[in-house]
Amino acid sequence: MDKLSWVEQDKNGRDYTIEFHRISDEAGFWALVAQIRSIYSEIFISSSDEEPVMLCENKLKRLWDDIRDCKPMIFIAKNAENKALGYALFLCEAPEYYEETAVLEQLAVASEFRELGIGKKLIFSILKVMPDMGYIALHTHISNYIAQDMYERLGFQRFESEDSEIVDFVYKIKFKNERT
Ligand SMILES: CC(C)(COP(=O)(O)OP(=O)(O)OC[C@H]1O[C@@H](n2cnc3c(N)ncnc32)[C@H](O)[C@@H]1OP(=O)(O)O)[C@@H](O)C(=O)NCCC(=O)NCCS
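Please read these numbers as outputs of a predicted model, since none were measured by experiment.

Further remarks concern the overall build of the protein. Helix and strand content of the protein: five helices and eight strands. Counting helices and strands in the order they occur from the N terminus, the protein gives β-β-α-α-β-β-β-α-α-β-α-β-β. Relative to its length of 180 residues, the protein is compact, with a C-alpha radius of gyration of 16 Å against a globular reference of 16 Å. Reported as C-alpha extents along the three principal axes, the dimensions of the protein are approximately 50 × 40 × 30 Å. The proportion of buried residues among the 180 residues of the protein is 27%. Long-range contacts, defined here as pairs at least 24 residues apart, represent 54% of the contacts in the protein between residues at least 6 apart.

Its identity is not glycine, yet lysine 71 carries a phi of approximately 50°, on the positive side. You can see lysine 71 is positioned in the loop between α2 (52-67) and β3 (72-78). Notably, glutamate 100 is not glycine yet its phi reads approximately 60°, a positive angle. Position of glutamate 100 relative to the elements: it lies in the loop between β4 (84-91) and β5 (101-109).

Around the ligand, a shell composed of 19 residues is seen, among which Arg114, Gly119, Lys120, Thr140 and Met150 lie nearest. Put simply, the parts of the chain that give the shell around the ligand at least two residues each are β5, α3 (118-124), β6 (135-141) and α5 (145-153). With five residues, the top contributor of residues to the shell around the ligand is α5. Classifying every residue of the shell around the ligand by side-chain character gives 10 nonpolar, four polar and five charged.

The end-to-end C-alpha distance of helix α1 (residues 26-44), which contains 19 residues, comes to just 20 Å, noticeably less than the 27 Å that a straight helix rising 1.5 Å per residue would cover. Where α1 bends most, the angle comes to about 70°, and this point is isoleucine 36. The set of residues buried in α1 consists of Phe29, Leu32, Ile36, Ile39 and Tyr40.

What counts, and where the lines are drawn
- In this numbering scheme, every chain counts its residues from 1 along its sequence in written order.
- At least 70 in pLDDT is required for a residue's local features to be given in this predicted model, at least 80 for side-chain atom pairs to be given and counted, and no such filter applies to totals for whole chains, interfaces and linings, which use all residues.
- The numbering of helices and of strands both runs from the N terminus, where a helix is a DSSP run of H or I of at least 4 residues and a strand a run of E of at least 2.
- To get the radius of gyration, use the C-alpha atoms; to get the globule rule, take the number of residues to the power 0.38 and multiply by 2.2 Å.
- Buried, partly exposed and exposed are defined by the number of other C-beta atoms within 10 Å of a residue's own C-beta, namely 20 or more, between the two limits, and 12 or fewer respectively, with C-beta atoms placed from the backbone.
- We call two residues in contact when the distance between their C-beta atoms, placed using the backbone, is within 7 Å.
- For each residue, a C-beta atom is placed from the backbone, and the residue is labelled near a molecule or strand when this atom is within 6 Å of it.
- When residues are sorted by character, Ala, Val, Leu, Ile, Met, Phe, Trp, Tyr, Cys and Pro go into the nonpolar class, Asp, Glu, Lys and Arg into the charged class, and all the rest, Gly among them, into the polar class.
- Given a helix with a known number of residues, its expected span is that number minus one, times 1.5 Å.
- For a residue, the bend is simply the angle between two axes, fitted respectively to the seven-residue segment ending there and the seven-residue segment starting there.

Have a look at this one:
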């Protein structure tokens, strides 16, 4: 598994590290899940009749099955105590998307570390490791107004999806020959 890291600063001037990992196998996937599990659980366990721990495990198992063939990679923001503050999971070869598209499959920041600029840094981390990508694409639920506001503010273009529950967003990265 490739690994790379660099230091960023949040809006309060505190340093944190962003780690990049290419997820190449199931063992690597579960090792990374162990690091982001608390954030994942906070976001993805909703009010369901299913027992929360089982729900979380089942969702994660399905997630691995869904992403395994799509060249997944993850950026994890961590503080000095090695606590995960947030993560962005990207797919670099996702079917149904144009070539040169990094699909932002999941983005989450732990609730106590939001609005500090970490989500934005995680999104654009992809440009550090995949500078030749043409687009960042993602979809979000129609009810997720915070995320929709954020993507629009960051320069993503909004598209209505065929699925009325979903909104699609695309960010066009400058192509190589357009760069100065
Ligand atoms: C969406 C989410 C990842 C944003 O992370 P974050 O670290 O708080 O975002 P940032 O601080 O980097 O903010 C980025 C931009 O969005 C805006 N924004 C973020 N949270 C906002 C809020 N609650 N209200 C209004 N604007 C908000 C910020 O103003 C910022 O714009 P700016 O740089 O021009 O000031 C975080 O709220 C989260 O984890 N939500 C739950 C999971 C989720 O919805 N994920 C997205 C699924 S597609």
